[in-house]
Structures are given as C-alpha cells and as structure tokens.
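An overview of the molecular structure
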Amino acid sequence: MNNLAVNYLLLNEPPCVKTGAFHPLSLCSRDVADLQAYKTPLGVVFNADCLKVLPRIEDASVDTIFADPPFNLDKQYGKKVNDNLSEKAYLVWSKAWLKECMRILKPGGSLFVYNLPKWNILLGAYLAGEGMLFRHWIAVNMKLSLPIQGRLYPSHYSLLYYTKGKPQTFRKIRTPIKVCRHCSKELKDYGGHRDAMNPKGVNLTDVWDDIPPVRHRKFKSEKRTENQLSTKLVNRVVQMSTHEGDIVLDPFGGSGTTFDVCERSNRYWIGIEKESCDAIVERLSTPHICPHEHDDFIEG
Ligand SMILES: C[S@@+](CC[C@H](N)C(=O)[O-])C[C@H]1O[C@@H](n2cnc3c(N)ncnc32)[C@H](O)[C@@H]1O
C-alpha cells in the first residue's frame with residue numbers, strides 16, 4: 001500500500017472486522033440476484049439499469065443515497081446509455097429514479113444529487129414538492145469548463161442535499177485553516193478572532209473549493225479515464241451523513257468511487273451501473289488505484 005492510501009486510512013475510522021451477519025443484498029429482492037457484477041462482505045454492485053434494480057430494493061432501508069447521474073451532455077458512456085435526451089424526457093427519467101430513491105431512504109436519511117445547476121434547480125423543486133426537507137445547495141467549485149458565449153463563466157456544479165424529514169445523522173465537519181502554499185502563512189485574519197478559533201479547523205461551508213479533479217493516472221482505472229469524481233467529495237458526503245455500519249446506495253456507479261469510499265470507511269453499500277462494471281471490479285479488487293488525500297476533521 002502506498003503512502004496516500006495509508007494516509008487515507010489513518011484519517012478515517014480504522015477498518016473493523018465484519019461479522020457476516022448482515023449483507024445489503026438481503027435488502028434486494030431475489031429476482032435481481034443474477035444481475036450482480038461484484039460482491040464484497042460490505043456491498044454489491046448490479047450491472048443493470050437503475051430503474052430495473054431500484055424498485056427491487058426494500059422501502060425505508062438505506063441511510064444515504066449519493067447520485068451522480070449523466071448530465072444529458074451527450075457524453076459517450078457506452079452503447080446502453082443515451083445521454084442526449086430531450087429536456088422533457090431527461091426530467092421525466094430523473095424524477096422516476098428520484099421517486100424510487102425517496103421510497104428507499106429511511107426516515108431521516110440523506111439524499112445527495114450531483115448535477116448541473118440547470119437540472120438541479122428543477123430536481124430540487126421536485127424533491128421539495130414531494131415532501132423532502134431542503135438542507136443545502138452545495139456549490140462544488142470546478143475550474144475545468146470552457147467559457148460559454150453570452151453567458152457567465154460556469155464555475156460550479158451543484159450538489160443537492162435533502163433529507164427525508166429531520167436528519168437522522170449530521171456529523172459536523174471542520175476543514176483546516178487555509179494557509180499560503182508558498183510561505184505557509186494563514187490567508188485570513190478572521191477579524192481579530194483567530195485566537196478564539198477551534199484548532200481543529202473552520203466549519204465546512206456550502207461552497208466546496210477544495211475538491212481536486214481526478215487527473216493523475218494513479219487515481220483512475222485504465223478501463224475508465226473520465227467521468228470520475230474525487231474520493232474527497234464522496235468521502236465528505238458519506239462522513240457527514242452516516243456512521244460506520246450504515247448503508248449507502250449509489251445508482252450510477254461509474255468507476256466505483258462511492259463503493260471504494262464505503263469499503264475504506266466501513267459502510268455497507270449497494271451500487272448499480274448500466275454499462276460495464278469492469279472498472280469497478282478492478283478498483284475494488286486491486287489496491288493500485290489511490291484515493292485523494294483529505295484533511296477533513298469529523299466531529300461526532
Ligand atoms: C457521471 S457517471 C458516475 C461517475 C461516478 N460518480 C464515479 O465517480 O465514477 C454516470 C454513470 O451512470 C451510468 N448510468 C447512466 N444511466 C444509467 C442507468 N439508467 N442506470 C444505471 N447506471 C446508469 C453511466 O454509465 C455512468 O457510468
């Protein structure tokens with residue numbers, strides 16, 4: 001194991017020994033068993049359309065759902081996914097899987113949806129209309145997009161955070177006080193209140209500008225080189241909304257970032273991916289894909 005992976009493990013809860021008494025597969029009906037692509041003692045990923053698997057997961061059974069769906073930008077994920085729907089069809093499809101997610105969440109469970117602001121403003125309104133409790137619109141700063149003629153320069157993705165009623169788990173996160181990369185001097189003076197500040201860091205805000213893009217080879221599979229989120233983002237979501245032993249669902253598995261985070265932090269997980277699951281299997285069965293380093297301090 002390399003230094004980064006060791007660091008990641010040290011910053012997270014230590015792995016615990018699983019008793020084997022529970023497996024999240026037991027929350028799914030038997031008729032999807034043959035769609036399993038890979039299973040670990042903590043989780044299972046199905047190689048199927050999420051709209052086929054989600055209806056087969058028990059009501060009120062999952063603590064947190066993290067969804068990073070295709071953004072309808074005509075990306076090529078493979079032959080089975082059409083990422084170029086009409087706006088109406090994309091919204092109908094999104095509401096169909098969101099409806100299932102709301103049913104599957106436990107009371108007090110958390111739902112995170114990562115998407116373009118254009119879609120999330122509509123999906124957020126839908127969730128609120130269905131009785132979900134708005135918690136935050138988290139702006140995840142991204143610097144990679146290109147300027148668009150006649151528009152502001154887009155520089156954030158939206159991460160919706162809703163709960164099914166009063167949140168069951170919300171763990172406070174602190175991030176380190178920012179210092180200059182070159183001279184290590186603190187960047188802000190905190191209005192003269194620096195001495196009164198918590199040495200463990202400042203309260204996490206709803207603007208996340210510390211999420212790195214997944215660029216370097218060591219962070220990704222050769223079987224999938226794009227459309228992969230940083231473990232730092234997903235780890236923050238998982239840490240904020242769950243405890244060890246809780247259950248996380250991700251209906252759009254991609255390269256398996258969520259499942260990797262869950263494995264390293266002792267959360268049970270259920271995953272779905274419509275295209276090939278090879279990158280997920282590689283990621284979970286070999287140690288050579290590194291997580292991003294993170295410096296969050298988690299309270300409680
Ligand atoms: C933006 S990527 C997710 C990336 C993932 N968060 C990661 O970090 O690797 C969206 C994924 O959803 C998958 N997908 C698209 N439509 C799907 C569907 N109906 N059911 C399940 N997976 C689907 C795509 O193949 C793609 O891998």
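The structure under discussion appears in the preceding block.
Just so you know, these numbers come straight off a predicted model, no measurement behind them. (Residues numbered from 1 in each chain as written. Predicted model: local features only at pLDDT ≥ 70, side-chain atom pairs only at ≥ 80, totals over all residues.)

Some details on helix 3 (residues 87-104)
Filter applied, for reference: Put simply, DSSP H or I for four residues or longer makes a helix, DSSP E for two residues or longer makes a strand, and each gets a number counted from the N terminus. One less than the residue count of a helix, multiplied by 1.5 Å, gives the span that helix is expected to have. To sort residues by exposure, count the other C-beta atoms lying within 10 Å of each residue's C-beta; 20 or more gives buried, 12 or fewer gives exposed, and values between give partly exposed, all with C-beta atoms placed from the backbone. Each C-beta atom gives one direction from the helix axis, and the arc is the one those directions make.
Along its 18 residues, helix 3 runs 26 Å from first to last C-alpha, staying within 8% of the 26 Å computed at 1.5 Å per residue. The set of residues buried in helix 3 consists of S94, L98, E100, C101 and I104. All buried residues of helix 3 fall inside an arc of 155 degrees around its axis, so they share one side. Looking at helix 3, the residues exposed on the side facing more than 90 degrees away from the buried face are K88, A89 and V92.

Quick look at the nonpolar core
Heads up, the rule is: Any nonpolar core is a set of buried residues, restricted to Ala, Val, Leu, Ile, Met, Phe, Trp, Tyr and Cys, that join up through C-beta atoms within 7 Å. Throughout, a pair of residues is in contact if the C-beta atoms placed from their backbones lie within 7 Å.
By size, the foremost hydrophobic cluster in this structure holds 54 residues, and its most contacted members are V45, I65, A67, L111 and F112. Residues within four places of V45 in sequence aside, it is in contact with A37, Y38, G253, F259, G271, I272, E273, C277 and I280.

Quick word on the packing of helix 5 (residues 231-241) against helix 6 (residues 257-264)
Put simply, the rule reads: Only the stretch in contact is used when fitting a helix axis, every axis being a line fitted to C-alpha atoms; angles between N-to-C directions are given from 0 to 180 degrees. Orientation categories follow fixed angle ranges, with anything under 35 degrees roughly parallel, anything over 145 roughly antiparallel, 65 to 115 roughly perpendicular, and all other angles oblique. By definition, turning the near helix anticlockwise from the far helix through less than a right angle yields a left-handed crossing, and turning it clockwise yields a right-handed one. Three categories are distinguished: nonpolar for Ala, Val, Leu, Ile, Met, Phe, Trp, Tyr, Cys and Pro, charged for Asp, Glu, Lys and Arg, and polar for the others, with Gly belonging to the last.
Interaxial distance between helix 5 and helix 6 falls to 9 Å at its minimum, and their mutual angle equals 55 degrees. Relative to helix 6, the element helix 5 lies oblique. Read as a crossing pair, helix 5 and helix 6 show a hand that is right-handed. For the pair helix 5 and helix 6, contact is made by T231, V234, N235 and V238 and by T257, T258, D260, V261 and C262, respectively. In the contact of helix 5 with helix 6, the residues fall into four nonpolar, four polar and one charged.

Overview of the sheet that holds strand 12 (residues 297-298)
Rules: Strands were regarded as paired on the criterion that DSSP finds at least two bridges between them.
Taking strand neighbours across the sheet as the criterion, the three strands line up as 8-7-12 in an open arrangement whose pairing is antiparallel. Looking along the sheet, the strands with just one partner apiece sit at the ends: strand 8 (202-203) and strand 12.

Regarding the environment of F112
With respect to the helices, strands and loops of the structure, F112 is situated in strand 4 (residues 105-115). For F112, a count of 25 C-beta atoms within 10 Å translates into the label buried. Sequence-distant contacts of F112, that is, excluding residues within four places in its chain, are made with I65, F66, A67, L159, L160, Y161 and V237.

So, the sheet that holds strand 6 (residues 156-163)
Taken together, nine strands build an open sheet; the order of strands is 1-2-11-10-3-4-6-5-9 and the sheet is mixed. Bordering the open sheet on either side are strand 1 (36-39) and strand 9 (207-208), each of which pairs with just one other strand. Running over the sheet, helix 6 touches strand 2 (43-47), strand 3 (62-67), strand 10 (247-250) and strand 11 (268-273) and is turned about 165 degrees from strand 11.

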